[in-house]
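Analysis of the macromolecular model
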Amino acid sequence: MAVYTQVSDEALAAFLAEYALGNPLSFKGIAEGVENSNYYLETETGRYILTLFEKRVNADDLPYFVALKQHLADRGFPCPSPIAARDGSALRTLEGRPALIVSFLEGLSPRRPNVAQCHELGAGMARMHLALADFDLVRANSLGPASWPRLWTGHEADAEGLQPGLADAIAADLSEIAAAKPQALGLPRGTIHADLFPDNAFFLGDHFSGAIDFYFACTDALAYDLAVCLNAWAFEDGGGASLDYNFSKGAALIAGYESVRPLEPSERAALPVLARGAALRFFLTRLVDWSSTPAGALVKPKNPLEYAGRLAFHRKVNTAEGYGA
């Protein structure tokens, strides 16, 4: 289970006494998630999610994340809404960790998204971008291109051990993406989710019912969010090899997005390098976790080779049409 910090009955009772939520009726850990400790909480007033932020999350960023979710909720975008305590503060401390209670969001995360869900996800993400257009707070992308050489250094042998020739291929990706200078393309920017994988999106049937887990949210190119989702939603299971890209899903995702916010020509032109960069970002963070997570750890690291396969596909794509646009 992805619960790193255990909460005692006594600590929970003292914590909830600071809220007007009534007595707890149910409290249990949630297995999903790899960054923080999450609990399902039901009280006399309703259902909630309690998150304890672990050491990988910068505590200085937490007010940004809380304000972002409150901004979205205020504009009617479906996402968990922060619950304030009696003193008006949403961020508090529990078991020595920063803690936050948010509203419960109805829906299920698709294990194998279908074409209709990809279209809905694209439209939902575009609505999120528009809802955040007047969000004034700024947070740099801590896992943007500037961080990739640092993540890569010292892990070349780990990559080569996964697949012969992979170290040279990744080094070439780093060099070629840096030469393309995606951060200097003048693309429309704003607040993005940056991690809108299927397990962070909820659906009721094929209807998009909301997004969760905004803890990688940042200020970056809006089209980069779309590129992240192409990697996460449009490849089938099976190792991420190039033939596993599903053009119907990719086309639906892009069409769904453009049904709400049409891409500018510069964004369409940049989509191949953005998609390749997004795949490289997730390959590198997975590689770091893969090589540093001890055997027997409660959370199993994800296989970096899935994103090595995606990178192999992206290297051959030169236009947005190559993704079904």
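Further up the page is the structure itself.
A few points on the structure.

Each value, and the rule that gives it
Residues numbered from 1 in each chain as written. Predicted model: local features only at pLDDT ≥ 70, side-chain atom pairs only at ≥ 80, totals over all residues. Heavy atoms only, no water. Helix = DSSP H or I, 4+ residues; strand = E, 2+ residues; numbered from the N terminus. Pairing = 2+ DSSP bridges. Axes fitted to C-alpha atoms, helices over the stretch in contact; angles between N-to-C directions. Contact = heavy atoms within 4.5 Å. Buried < 20%, exposed > 50% of the residue type's maximum accessible area, 1.4 Å probe, protein only. Parallel < 35°, antiparallel > 145°, perpendicular 65-115°, else oblique. Left-handed = near helix turned anticlockwise from the far one by under 90°. Nonpolar A, V, L, I, M, F, W, Y, C, P; charged D, E, K, R; others polar. Expected span 1.5 Å × (residues − 1). Arc of directions from axis to C-beta. 1 Å grid on protein atoms, 1.4 Å probe; cavity = no way out; pocket = protein on both sides within 12 Å on 5 of 7 lines; lining within 4 Å. Points joined across faces, edges and corners; volume = space filled by probe spheres on them. Phe/Tyr/Trp six-rings, centres within 6.5 Å; stacked < 30°, edge-to-face > 60°. Lys NZ or Arg CZ within 6 Å of the ring centre and 35° of its normal.

What follows deals with unusual backbone geometry. Backbone geometry at Glu95 places phi at a positive 50°, although glycine is not the residue there. With respect to the helices, strands and loops of the structure, Glu95 is situated in the loop between β4 (92–94) and β5 (97–103). Although it is not a glycine, Asp213 sits at a positive phi angle of roughly 55°. Looking at the element boundaries, Asp213 is found in the loop between β8 (207–211) and β9 (218–221).

Glancing now at the sheet that holds strand β1 (residues 24–29). Two strands in a sheet stick together by hydrogen bonds in their backbones, pointing the same way (parallel) or opposite ways (antiparallel). Across the sheet, which stays open at both edges, the five strands sit in the order β1-β2-β3-β5-β4 with antiparallel pairing between neighbours. Each having just a single partner strand, β1 and β4 make up the two edges of the open sheet. Strand-to-strand twist of the sheet, defined as the mean angle between neighbouring strand axes without regard to direction, takes the value 35°. Two strands pair when backbone bridges link them, and β1 and strand β2 (residues 37–43) are joined in this way by five bridges, in the antiparallel orientation. Across the sheet, Gly29 pairs through a bridge with Tyr39, a residue of β2. Running over the sheet, helix α1 (residues 9–16) touches β1, β2, β3 (46–52), β4 and β5 and is turned about 165° from β4.

Mapped onto the fold, Phe282 is located in helix α9 (residues 265–292). According to the relative accessible area criterion, Phe282 is buried, its value standing at 6%. Residues Phe282 and Trp148 lie 134 residues apart in sequence; the distance between their C-alpha atoms is 10.0 Å. Residues within four places of Phe282 in sequence aside, it is in contact with Ala194, Asp195, Phe197, Val228 and Tyr307.

The subject of this paragraph is the packing of helix α3 (residues 115–131) against helix α8 (residues 247–258). Where α3 meets α8, the closest approach of the two axes is 7 Å, and the angle between their N-to-C directions is 30°. Taken as axis vectors, α3 and α8 run roughly parallel relative to one another. Remark: the crossing between α3 and α8 carries right-handed chirality. Across from Val115, Cys118, His119, Leu121, Gly122, Ala123, Met125, Ala126 and His129 in α3, the residues of α8 making contact are Ser248, Lys249, Ala252, Leu253, Ala255, Gly256 and Tyr257. Residue composition of the contact of α3 with α8, grouped by class: ten nonpolar, five polar and one charged.

Here the focus is helix α6 (residues 166–180). Compared with the 21 Å implied by 1.5 Å per residue over 15 residues, the 21 Å span of α6 between its first and last C-alpha is a close match. Burial in α6 covers these residues: Leu166, Ala167, Ile170, Asp173, Leu174 and Ile177. One face of α6 carries all of its buried residues, which in axial projection span an arc of 120°. Residues of α6 that are exposed and point more than 90 degrees away from the buried face comprise Asp168 and Ala179. Looking at the packing, one finds that the buried side of α6 touches α4 (148–152), α5 (156–162), α9 and α10 (305–314). Of the residues one or two after α6, Lys181 is the one with positive phi, at around 50°.

It is worth spelling out empty space enclosed by the protein at this point. Counted according to the given criterion, the structure contains two cavities of 30 Å³ or more. Volume-wise, the largest cavity comes out at about 80 Å³. Along the walls of the largest cavity sit Asn141, Gly144, Pro145, Trp148, Pro182, Gln183, Asp220, Ala221, Tyr224, Val273, Leu274 and Gly277, which together make up its complete lining. If you list the elements that add at least two residues to the lining of the largest cavity, you get β9 and α9. For the lining of the largest cavity, the class distribution of residues is seven nonpolar, four polar and one charged. Taken as a whole, the second largest cavity spans an internal volume of roughly 50 Å³.

Attention now moves to the packing of aromatic side chains. For the structure on display, the rule yields 19 aromatic pairs. On the basis of an interplanar angle of 80° and a centroid distance of 5.8 Å, the ring pair of Tyr40 and Phe104 is categorised as edge-to-face. Pair noted here: Tyr40 is in strand β2 and Phe104 is in the loop between β5 and α3, with a separation of 64 residues, a long-range link. Chaining the aromatic ring pairs together yields one cluster made of Phe53, Tyr64, Phe65, Phe135 and Tyr215. The ring centre of Phe216 lies 5.2 Å from the NZ or CZ of Arg281, which sits over that ring. If you follow Arg281 out to its NZ or CZ, it ends over the ring of Phe282, 3.9 Å from the centre.

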